[in-house]
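# Structural characterization, general
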Amino acid sequence: MDRKSILVIVACIGLMVVWTTVLVPKYFTQPLPPGATNQVNVAEASPATGPSDSIRSVATNVPAGEPIVSTPSAAVAEEPEQLLEEVYDQVRYVFTSHGGGIRQVDLLNYPEKPTAGTKDHGNNGVASLNKGARLPVLDLVGNALSGFNYSLARTPDGIQAEAVLGNGLTVVKEYQFLSNYVFTAR
C-alpha cells in the first residue's frame, strides 16, 4: 500500500472514533422518561412565578388563588358536536363545532390504498387527512382557549367558526378555499 491509502484509512478510522465518541453522544441523545419535563405543578409554583391576580382574572376568567386547569377541546361534551361538510374542487372538508377546526379532509380524486389487514373505515375509499385524530386541525388549545363550542356558518368565501369566551372575547376563525387543494385560515 502506498502512503495515500494508509492516510485515507487512518483518516477514516479517526473519523469513526470522533463520530462515536463526540458526535453521537452530543446530538443523538436518549429521550427523557415520561413525566421528566420542565412542567411546574400549580401547587409547587411560588406566587412570584405565576401571573399577577389582575392578569390572571382577565386572561382566564378564574378567580385568584384557584389553579388554572387546561381542558383539551376533545373533552368538550356539554353540547353535541356539530359537523359542517363543504365540498370544493374535489376536496371534502369536515368542520367541527368542538374547537372550530377541521375534523377531516377527504381528497376525492385520490383512492385510499390500504395496506394488508386494514379495512375501509367509512370514507368511501378515498384518501383522508386527519382521520381519527384526537384534536381537529387549527384548534386553539390552551388555558383560556380550550373547551369552547363554535358556531359554524357558510360565508360567500368559505366557512366561519365563531365562539364567545366567558370574558366576552370573541374568537373568529375564517377558512377560505383556494385552488390546488389549498385553503387559507385567519
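The following refers to the structure shown. Sequence order as written defines the numbering, with residues in each chain counted from 1. Residues qualify for local features only when their pLDDT is at least 70, as the model is predicted, and side-chain atom pairs are given and counted only at 80 or more; totals for whole chains, interfaces and linings, by contrast, use all residues. The basis for every side-chain value is the complete set of heavy atoms in the structure, and neither hydrogens nor water enter the calculation.

### Quick notes on the nonpolar core
Inclusion rule: By nonpolar core we mean a set of buried residues, namely Ala, Val, Leu, Ile, Met, Phe, Trp, Tyr and Cys, connected to one another through side-chain atoms within 4.5 Å. Residue burial is assigned from relative accessible area. The probe radius is 1.4 Å, only protein chains are included, and a residue is buried under 20% of its type maximum, exposed over 50%, and partly exposed in between. The numbering of helices and of strands both runs from the N terminus, where a helix is a DSSP run of H or I of at least 4 residues and a strand a run of E of at least 2. Any pair of residues with heavy atoms lying within 4.5 Å of one another is described as a contacting pair.
Counting 10 residues, the largest nonpolar core is built from L84, V91, Y93, F95, I102, V105, L107, I159, Y175 and F177. Contributions of two or more residues to this core are made by β2 (91-96), β3 (102-111) and β7 (170-177). Not counting residues up to four positions away in its chain, the partners in contact with Y175 are F95, G100, G101, I102, L138, D157, G158, I159, F183, T184 and A185. Among the nonpolar cores identified, the runner-up in size contains 5 residues, and Y150, A163, L165 and V171 belong to it.

### Some remarks on the packing of aromatic side chains
Note the following rule: Pairing of aromatic rings covers Phe, Tyr and Trp, the last counted by its six-membered ring, and requires centre-to-centre distances within 6.5 Å; plane angles under 30 degrees mean stacked, over 60 mean edge-to-face, and any other angle means tilted.
Enumeration over the complete set of coordinates arrives at 8 aromatic pairs. For the ring pair Y88 and F177, a centre distance of 5.7 Å and an interplane angle of 25 degrees mean the geometry is stacked. Remark: F177 occurs in strand β7 and Y88 occurs in strand β1 (residues 83-88); sequence separation between them is 89 residues. Between Y93 and F183 the ring centres are 5.6 Å apart and the planes differ by 75 degrees, which places this aromatic pair in the edge-to-face class. With Y93 in strand β2 and F183 in strand β8 (residues 183-185), the pair connects residues that are 90 residues apart, well separated along the chain.

### Topic: the sheet that holds β2
The criterion, for reference: Paired strands are those between which DSSP finds at least two bridges. For helices, the fitted line uses only the C-alpha atoms of the stretch in contact; every axis is such a line through C-alpha atoms, and the angle between N-to-C directions lies from 0 to 180 degrees.
Spatially, the 4 strands line up as an open sheet ordered β1-β2-β3-β4, and their pairing is antiparallel. What marks the edges here is a single partner per strand, and that holds for β1 and β4 (126-129). Pairwise comparison of adjacent strand axes, ignoring direction, gives a mean angle of 20 degrees for this sheet. Bridge count between β3 and β4: 4 bridges; the pairing is antiparallel. For V105, the partnering residue across the bridge sits in β4 and is L129.

### Some thoughts on the pattern of salt bridges
Any two side chains of opposite charge can pair, so long as their charged atoms come close to each other. Selection rule: Basic side-chain nitrogens of Lys or Arg form a salt bridge, by our definition, when they fall within 4 Å of a carboxyl oxygen of Asp or Glu.
A complete count under the given rule lists 4 salt bridges for this structure. One salt bridge connects R103 with E81, and the closest N-O pair in it is separated by 2.9 Å. You can see R103 sitting in strand β3 and its partner E81 sitting in the loop between α2 (53-60) and β1, a full 22 residues away along the chain. Across the pair R92 and D106 runs a salt bridge whose closest N-O atoms are separated by 3.0 Å. Remark: D106 occurs in strand β3 and R92 occurs in strand β2; sequence separation between them is 14 residues. Residue classification places R92 among the buried residues on the basis of a relative accessible area of 17%.

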